[in-house]
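Tertiary structure, described
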Amino acid sequence: MTTPPPPTTTPQGQGAHLLLVDDDDDLLRLLSMRLTANGYRVTAVGSAEAAVTRLSMELPRLVISDIRLPDRDGMWLFQEIRRSYPALPVILLTAHGTIPDAVEATTLGAYAYLTKPFDARMLLERIAQALSLSAPAASATEAGEDWRAAIISRSQCMDELLAEARLVAASDASVLIRGESGTGKELLAQAIHRASRRAKAPFIAVNCGAIPEALLESELFGHVKGAYTGAVAAREGLLQAADGGTLFLDEIGDMPLLLQVKLLRVLQERVVRQLGSDVARPVDVRILSATHRDLDVAMREGQFREDLYYRLNVIALTLPPLAQRREDVAPMANQFLQTLAAKYGKTVRGFAPDALEALTMSSWPGNVRQLYNVVEHVCALATAPLVPLSLVQRALRVPSLEVLSYTEARLRFERNYLVQLLKLADGNVADAARLAERNRTEFYRLLQKHNLDASLFRSDVAEERQDETLKNQ
């Protein structure tokens, strides 16, 4: 009986970039051929230091690494990846003697480990599973999910929440969105609206805590001419303006009790009475609401009506704080930077690796709104293609959460510094050495020390890699 060939990858994995790390040249060659034949783009290196260099040049979708390596071992590489790229999945290859290390790594966040000699079919299955869980945020539109394209996310907790939101969107049930300030409650409400049958009708948002009580009633329900002093003409309210669509009531916990009664009547009877009118007009509107307050406490204190609460809270969705979805920080920061750079006419391309690390490790009490403000701050002040760590620290105004040894800090800075110089010099060693104010011989020694190949930083080499990727796809 012949063994069936290993399965090919699913369309979702086609063209995905994988980084292989092993000091066994024969195994690297065999794995590279097999994975390339299954539609992946493969980069193979023989050491942990070389892997770190490759990661700084181009981030793959998945890393497959042996635990036993000639310089730094695979556990060190895994810790480096976990620290700098927390959303990047890692599959470890292990011999019998390193199984305890692999088991420990999986408890710390490694996706999986395989014991040598491993089955090719099992490896391909693990790769496909890991890629399905780490699909990039940019794939939302490509996968026909433009309803949620404005929400940048790679985290599992957000993927689960968005899956629930998509199901909720198919109904007309009222949804209460909970979450801290700045977590993106209005963005989630807009996504639900776009995924619903009401997508072509109006989406109207109002912040109940930002409008004075005397004006909020008129804003929501409208008024007739002469309803109050200054009402010189009749005006349609937001409930009527959203007819057929969705009305999003942000900070619903701040709505005055009198208006809570009127809103409850709208939800029960599906009619609206304008201020100063006795005529009830039918209205077809879906209510989405949001709050950062604890409405259970507000009800006990008599500040929020229990009957309205149950009308609004038919389905509850809770947005996690940014500190619980750190893998989303880097893609959001990069997306914000691109948008703001275009807005301000800046030539900023991205963040230095240590700057991106500082953003990822920050506590983010202000959540996504704070992240956007920090990125806007650094974009406005940036004078180089890469945003440096010092500018990010200035914008954050908080101390670093990580304390490195002097030796480790110096080596990390030196490697990142050399990478940045080679990028700026387009891989020209003479130009990079001149920028560093070092002679070429000394500069070559530094490159050798950190396993850096200057030719890989040339733009023509990058174009060749891109052409090769397109061919593989």
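Residues numbered from 1 in each chain as written. Predicted model: local features only at pLDDT ≥ 70, side-chain atom pairs only at ≥ 80, totals over all residues. Heavy atoms only, no water.

Things to note about the overall build of the chain
What counts here: Each helix is a run of H or I in the DSSP string that is no shorter than four residues. Each strand is a run of E no shorter than two, and both are numbered from the N terminus. Throughout this description, buried means an accessible area under 20% of the type-specific maximum (1.4 Å probe, protein chains only), exposed means over 50%, and partly exposed covers the range between. Contacts are residue-level and defined by heavy atoms, with any inter-residue pair within 4.5 Å sufficient. Where accessible areas are quoted, they stem from the Shrake-Rupley method and a 1.4 Å probe; at the residue level, only the protein chains shown are allowed to cover.
Scanning the chain for helices and strands turns up 21 helices and 16 strands. For the chain, buried positions account for 47% of its 473 residues. Of the contacts made within the chain by residues no fewer than 6 positions apart, 71% connect residues no fewer than 24 positions apart. Carbon and sulfur atoms form 51% of the exposed surface of the chain, whose accessible area is close to 23300 Å².

Some remarks on the sheet that holds strand β2 (residues 41-45)
We count it as follows: Two strands qualify as a pair provided that DSSP identifies no fewer than 2 bridges between them. Interaxial angle, 0 to 180 degrees, is taken between N-to-C directions of lines fitted to C-alpha atoms, where a helix line uses only the stretch in contact.
What the five strands build is an open sheet, ordered β2-β1-β3-β4-β5; its pairing is parallel. Edge positions in the sheet fall to β2 and β5 (112-115), since each has one partner strand and no second. Strand-to-strand twist of the sheet, defined as the mean angle between neighbouring strand axes without regard to direction, takes the value 20 degrees. Note that strand β1 (residues 17-21) and β2 share five bridges and pair parallel. Pairing of Leu19 across the sheet is with Thr43, part of β2. Running at roughly 160 degrees to strand β3 (residues 62-66), helix α3 (residues 74-84) makes contact with β1, β3 and β4 (90-94) of the sheet.

Topic: the packing of helix α18 (residues 406-424) against helix α19 (residues 429-436)
For any two helices packed against each other, the geometry is given by the interaxial angle and the distance between the axes. Put simply, the rule is: Note that the term roughly parallel is reserved for angles under 35 degrees, roughly antiparallel for angles over 145, roughly perpendicular for angles of 65 to 115, and oblique for everything else. Each crossing gets its handedness from the near helix: less than a right angle anticlockwise from the far helix is left-handed, clockwise is right-handed. Under this grouping Gly is polar, as are all residues other than the nonpolar Ala, Val, Leu, Ile, Met, Phe, Trp, Tyr, Cys and Pro and the charged Asp, Glu, Lys and Arg.
It is at 9 Å that the axes of α18 and α19 come closest, and there the two elements cross at 125 degrees. One way to sum up the angle between α18 and α19 is to call them oblique. The chirality of how α18 crosses α19 is right-handed. Seen from α18, the contacting residues are Tyr417, Leu421 and Leu422; seen from α19, they are Ala432, Leu435 and Ala436. Looking at the contact of α18 with α19 residue by residue, the classes come out as six nonpolar, no polar and no charged.

Observations regarding the pattern of salt bridges
Using the following cut-off: A side-chain nitrogen of Lys or Arg and a carboxyl oxygen of Asp or Glu constitute a salt bridge if their distance falls within 4 Å.
Within this structure, the stated rule accounts for 20 salt bridges. The partner of Glu408 in a salt bridge is Arg72, and the shortest N-O contact between them spans 3.9 Å. Of this pair, Glu408 sits in helix α18 while Arg72 sits in the loop between β3 and α3; the two residues are 336 residues apart in sequence, bridging distant segments of the chain. In this structure, the salt-bridge partner of Glu414 is Lys449, at a minimum N-O distance of 3.0 Å. Remark: Lys449 occurs in helix α20 (residues 440-449) and Glu414 occurs in helix α18; sequence separation between them is 35 residues. Three or more residues are tied together by salt bridges with common partners; here these are Glu49, Arg72, Glu408 and Arg415.

Here's the deal with the environment of Leu188
Summarising the element assignment, Leu188 is placed in helix α8 (residues 185-194). Put simply, Leu188 and Ile177 are eleven residues apart on the chain and 8.2 Å apart in space, counted from C-alpha to C-alpha. Among all residues touching Leu188, those that are not within four sequence positions of it are Ile151, Leu161, Leu162, Ala165, Ile177, Leu317 and Leu319.

Structural notes on the pairing of β5
Burial of the side chains of β5 is restricted to one face: Ala112 and Leu114 are buried, whereas none of Tyr113 and Thr115 on the reverse face is. Sheet topology places β4 next to β5; four bridges connect them, and they run parallel. Paired with Leu92 across the two strands is Tyr113, which belongs to β5.

Considerations on the UniProt feature "modified residue: 4-aspartylphosphate" (unreviewed entry) in the chain
To keep it simple, the criterion reads: UniProt positions are given in the numbering used here, feature names are shortened, and annotations may be inferred rather than shown by experiment.
Here, UniProt's "modified residue: 4-aspartylphosphate" (unreviewed entry) annotation points to Asp66. For Asp66, the location among the structural elements is in strand β3. Leave out the neighbours within four places in its chain, and Asp66 touches Val21, Asp22, Asp23, Gly74, Leu93, Thr94 and Lys116.

Looking at the packing of aromatic side chains
The geometry of an aromatic ring pair comes down to the distance between the two centres and the angle between the two planes. In plain terms, the rule: In summary, the pairing rule links any two rings of Phe, Tyr or Trp, Trp by its six-membered ring, whose centres are within 6.5 Å, and it sorts them by plane angle into stacked for under 30 degrees, edge-to-face for over 60 and tilted for everything else.
Evaluated as defined, the whole model comprises four aromatic pairs. Ring centres 6.3 Å apart and planes at 20 degrees place the aromatic pair Phe203 and Phe248 in the stacked group. You can see Phe203 sitting in strand β7 (residues 203-207) and its partner Phe248 sitting in strand β10 (residues 246-250), a full 45 residues away along the chain. Of the residues examined, Phe203 reaches a relative accessible area of 22% and is grouped as partly exposed.

Quick word on the nonpolar core
Definition in use: Think of a nonpolar core as a cluster: buried Ala, Val, Leu, Ile, Met, Phe, Trp, Tyr and Cys residues, connected wherever their side-chain atoms sit within 4.5 Å.
Ranked by size, the top nonpolar core spans 30 residues in total, and within it Leu247, Leu249, Ile252 and Phe304 carry the most contacts. The set of elements that each furnish at least two residues to this core consists of β7, α9 (213-221), α10 (238-241), β10, α11 (257-269), α12 (295-300) and α13 (306-312). Of all the elements, α11 adds the most residues to this core, at five residues. With residues near it in sequence (within four places) discarded, Phe304 still touches Ile252, Gly253, Leu257, Gln260, Leu295, Ala298, Met299, Tyr309 and Leu312. In this structure, Phe336, Leu340, Val348 and Val374 belong to the second largest nonpolar core, which totals 29 residues.

Digging into a negative patch on the surface
Condition: Each patch is assembled from residues with relative accessible area greater than 30% and no salt bridge, linking like charges that lie within 9 Å and nonpolar side chains (Val, Leu, Ile, Met, Phe, Trp, Tyr) that lie within 5 Å. Positive charges come from Lys and Arg, negative ones from Asp and Glu, while His and the chain ends are left out of the count. All charge positions are set by atom: Lys at NZ, Arg at CZ, Asp at CG, Glu at CD.
Among the surface-exposed residues, Asp71, Asp73, Asp101 and Glu104 lie close enough to one another that they form a single negatively charged patch. On the secondary structure map, Asp73 appears in the loop between β3 and α3. We classify Asp73 as partly exposed; its relative accessible area is 36%.

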